[in-house]
Amino acid sequence: MEMPAPDAKIMAKKAMLVNRLMQVLPKDAVIHDEFETRAYECDALTAYKCPPLCAVLPATTQEVADVLKICHEEEVPVVPRGSGTSLAGGALPTADCVILGVAKLNDVLETNYDDRYIRVQTGRTNLSVTGAVEEQGFFYAPDPSSQLACAIAGNIAMNSGGAHCLKYGVTTNNLLGVTMVQMDGTVIEIGGAHLDAAGYDYLGLICGSEGQMGVVTEATLRILRKPEGARPVLIGFDDNEVAGACVADIIKAGVLPVAIEFMDRPVIRATEAFAQAGYPDCEALLIVEVEGAPQEIDSQLAKITAIARKHKPVELRESTSAEESAKIWLGRKSAFGAMGQINDYMCLDGTIPVSELPYVLKRIGELSKQYGLDVGNVFHAGDGNMHPLILFNANKEGDLELCEALGADILRLCVEVGGCLTGEHGVGIEKRDLMYDQFTPEDLEAQMKVKDVFDPKWLLNPAKVFPLTATQTRRARLSN
Amino acid sequence: MMTPDSEHALAEAVASATSPIRVQGGGTRLIEQVDGDVLSTTGLSGITLYEPGSLTLVAKAGTPVAQIEAALAAENQRLPFEPMDHRTLLRTTGTPTIGGVVATNASGPRRIQAGACRDSLIGVRYVDGQGTIIKNGGRVMKNVTGYDLVKLMAGSYGTLGVMSEVSFKVLPGVETSATLLLHKLDVSGAVDALSKALGSPYEVSGAAQCLVKGITALRLEGFEESVSYRLAQLRNLLVEYGDMEELHGEASEALWLANRDMKHFSGVEGDIWRISVKPSDAPAVVASMPTATNVFLDWGGGLIWAVVPQGTDVRTPMGRISGHATCLRGSAQTFPPEPPVMAALSEGLRAQFDPRGILNQGVMG
């Protein structure tokens, strides 16, 4: 993945820049030692690494504003960083950038159960937002797999989803307000605790903008009352296509499960070897979870199992207790770890129309054979968000490149059938150069024009989202 | 009046325009006088794609809302956000279009549970102020590829582009709906009861209060047995608020249709305001409008509809309460003035999307 060459003028003024940053931040909040900056050289897309010029860890919105003001004056790029769990390289530094980490901004500022919101600093982790309200029976709905570690700042930047978004939506559907610092240091307030913010939908625009419009330091999030209970059913099929048809029939029947997860044979086998969840050895497994009071769960599961039986499942296991539920989820939740045990893998994130599921799975199988790399599929079937896992050997010459080429072909396939490159991980650097497969030059230009408004100097999170060829003129204009 | 019959013709019409354009769907949601030649999207009509199994519907912008709702109903599905019909409130006639719903982000009582129009909108195609055709989003419900201009277009009142096609995530319809009514609560008591219900696990999909009649209404939807279970639970939860009454089936549906379209304000004289605050601020907002002749709370108190004597200033008395007030009918400025830094961003966006400043001039500032 190509990154622009670092700007020699910026590299040359590191000492002066560090000095200026130390005037507005405590000394230990400016990390400039070449050894220590290595801690920030990559995010969860570990194939790409580059230590930044320096990293800063501001503890207040004012400190964030001070840092950005200095970087704006000095025309130094800034890469905002939440917890560094991006799978798309969203927080990958450039050698001439300042990493702005929000890890010290982790306070809960306000909880209001009557009006059902919580206001937090954005360095707080996703799971600890729910942690702050669960004693009162509430939760924060978006639940990305990395929720133990990932920060709300990164969730907002990438518009993160999770397993339960079929019912509860993704980050953008649960975000009520933000405090955001613009690149020139201006602090803006958008929305609040009320449901619809005034004027243009800036919240919608900022959410998912991958840290390229500003640094969000505080967020007001919608919290919901926990359902009385939840229970899954495990359904095994001999055929991917039949499993896909079963998903469509469940949805058409008017049942809205809180999650419909799908695993194919390679993933089932790997997780079974790893976690012994007691999964049957079959072609496709569905985990369908419903919520509500005990009798509601019973009646919903009855509807679902009746539909499933029409598709002649090889296994149908309805959970009747918390232990059985945990066992059903055990395999799914350890799927990524299990795949990691057997190999290095790359996790893709394309979304497809649910109706295209059987065709896409068949094509992925063919592409896998063509490239000679195994692919496992585990994903959110209800919303069509696929997560093909391509297995490769990072120590084998050329394997990463082969894996990336297969990944690109699979993502092009997703676009071809009416879907998109990324459903919840973001573009980052990973899918940047595939954007022309989904968008026309005019479509991308319209998006870049928004960036022009928020960050006219194009300093925030450079070389992400848009193909380098698309941003060439803008970057050239600025380096002169 | 220009009525292009294809996206291409729409792009041509905008590109060749030499004077301001007034963008219009069915013309039922006019909240601002706009100068210019009318550019109607009614020539762009029809459902382009509907896949019930994928919960996805795509339609051209000028498609009548009624046509979309009928197609969905035939498969027992629906638009989750329950789009409001503005005709009663604004005394307009004509046929509401789906493009108009999106342009105004029109959302009904179910917004508290299922989100607003912008939350269900997953894709747009539009023509910008220079006549360029742009697409954003698509037809899948999880999509973070590039910036989300879909949400930006929702509620932009035709000032950033003219929509040609819109895509939605839809949801299954429900077997039944029921309403629990509480009586004689004042505004504080009502908001209190509504908050208690909305903070319960019983999935309330409507929470409203008609102040004039002193009726508080809570809606439950779903499968028959689930609704009756939750109704019983809700009754227990709210026992301290006095006598209760239940509405079922058609009676329940008729009430929420009236709430959705604000039929309670049918024929009223005076100015009509729509105020968005957090629910617990509703009593203070209501107290700040002593001359109001009719007040209706939706969204658990977070949305306040008010009728006030002509020319009454509603914004200033709200003081420091966080939120905003829109004047839907009356002589006051429709939208609240933006703080200077936000106004500069909005101006910047308009300059990028519509550099000639010809689309619905002045509507959003």
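Here, the structure is the one placed above.
These notes cover the structure that comes with them. (Residues numbered from 1 in each chain as written. Chains lettered and ligands numbered in written order. Predicted model: local features only at pLDDT ≥ 70, side-chain atom pairs only at ≥ 80, totals over all residues. Heavy atoms only, no water.)

Residues and elements named next belong to chain A. Position of Met-1 among the secondary structure elements: in the segment before helix H1 (8-12). Its relative accessible area of 35% is what places Met-1 among the partly exposed residues. Measuring from C-alpha to C-alpha, the distance between Met-1 and Lys-431 comes to 9.8 Å, with 430 residues separating the pair along the chain. Contacts of Met-1, omitting those with residues within four sequence positions, involve Tyr-48, Glu-404, Ile-429, Glu-430, Arg-432 and Asp-433. (Helix = DSSP H or I, 4+ residues; strand = E, 2+ residues; numbered from the N terminus. Buried < 20%, exposed > 50% of the residue type's maximum accessible area, 1.4 Å probe, protein only. Contact = heavy atoms within 4.5 Å.)

Core analysis: the largest hydrophobic core is formed by 170 residues, its most contacted members being A:Tyr202, B:Phe168, B:Trp305 and B:Leu349. Residue contributions to this core peak at nine residues, all from helix H14 (residues 399-416) of chain A. Beyond its immediate chain neighbours, meaning those up to four positions away, A:Tyr202 contacts A:Ile190, A:Phe454, B:Glu338, B:Met342, B:Leu345, B:Ser346 and B:Leu349. Listed in part, the 28 residues of the second largest apolar core include A:Val64, A:Leu68, A:Ala153 and A:Val215. (Core = buried A, V, L, I, M, F, W, Y, C linked by side-chain atoms within 4.5 Å.)

Quick look at the packing of helix H9 (residues 265-275) of chain A against helix H12 (residues 335-342) of chain A now. Residue and element names in this part refer to chain A. Contact pair H9 / H12: the axes reach a minimum separation of 8 Å and the direction vectors enclose 85°. Overall, the two elements H9 and H12 adopt an arrangement that is roughly perpendicular. For the pair H9 and H12, contact is made by Pro-266, Val-267, Ala-270, Thr-271 and Phe-274 and by Ala-335, Gly-337, Ala-338, Met-339, Gln-341 and Ile-342, respectively. The residue inventory of the contact of H9 with H12, partitioned by class, reads eight nonpolar, three polar and no charged. (Axes fitted to C-alpha atoms, helices over the stretch in contact; angles between N-to-C directions. Parallel < 35°, antiparallel > 145°, perpendicular 65-115°, else oblique. Nonpolar A, V, L, I, M, F, W, Y, C, P; charged D, E, K, R; others polar.)

Before going further, it helps to examine the pattern of salt bridges. Between side chains of opposite charge, pairing is possible as soon as their charged atoms come close. Enumeration according to the criterion identifies 48 salt bridges over all chains in this entry. Among the salt bridges present, the one from A:Glu283 reaches A:Arg265, with a minimum N-O distance of 3.1 Å. Of the two residues, A:Glu283 sits in the loop between H9 and strand S14 (284-291) while A:Arg265 sits in helix H9, which places them 18 residues apart along the sequence. The shortest N-O distance in the salt bridge between A:Asp383 and B:Lys142 comes to 3.7 Å. Of this pair, A:Asp383 sits in the loop between strand S17 (375-380) and strand S18 (388-392) while B:Lys142 sits in the loop between strand S7 (133-137) and helix H7 (149-153), on two different chains. (Salt bridge = Lys/Arg side-chain N within 4 Å of Asp/Glu carboxyl O.)

A few words now on the packing of aromatic side chains. Following the criterion strictly, the structure yields 11 aromatic pairs over all chains and no others. Centre to centre, the rings of A:Phe262 and A:Phe379 are 4.7 Å apart; their planes meet at 15°, and the pair counts as stacked. In this pair, A:Phe262 sits in strand S13 (residues 259-264) while A:Phe379 sits in strand S17, placing the two residues 117 residues apart along the sequence. The burial state of A:Phe262 is the same as that of A:Phe379; both residues are buried. For the pair A:Phe466 and B:Tyr147, a centre-to-centre distance of 5.2 Å together with 85° between the ring planes defines the contact as edge-to-face. Within this pair, whereas A:Phe466 is found in the loop between helix H16 (441-454) and helix H17 (468-479), its partner B:Tyr147 is found in the loop between S7 and H7, the two belonging to separate chains. Of the two residues examined, A:Phe466 and B:Tyr147, each falls in the buried class. Among the aromatic residues, those joined into a cluster by ring pairs are A:Tyr200, A:Tyr202 and A:Phe454. The ring of B:Phe223 has A:Lys303 sitting right over it, with the charged end atom 4.0 Å from the ring centre. Looking at B:Arg111, its charged tip hangs above the ring of B:Trp299, at a distance of 5.5 Å from the centre. (Phe/Tyr/Trp six-rings, centres within 6.5 Å; stacked < 30°, edge-to-face > 60°. Lys NZ or Arg CZ within 6 Å of the ring centre and 35° of its normal.)

Now for the environment of A:Asp143. All names here are of chain A. Secondary-structure assignment places Asp-143 in the loop between strand S7 (138-139) and helix H5 (152-158). Taking relative accessible area as the criterion, Asp-143 reaches 15% and is therefore assigned buried. It is 7.7 Å that separates the C-alpha atoms of Asp-143 and Leu-127, two residues lying 16 residues apart in sequence. Beyond its immediate chain neighbours, meaning those up to four positions away, Asp-143 contacts Asn-126, Gly-161, Gly-162, Ala-163 and His-164.

All names here are of chain A. Spatial strand order, S15-S12-S14-S13-S17-S18-S16: seven strands in an open sheet with antiparallel pairing. Both edges of this open sheet fall to strand S15 (315-318) and strand S16 (344-347), since each of them pairs with a single strand only. Each adjacent strand pair in this sheet contributes to an overall mean axis angle of 15°, direction not counted. (Pairing = 2+ DSSP bridges.)

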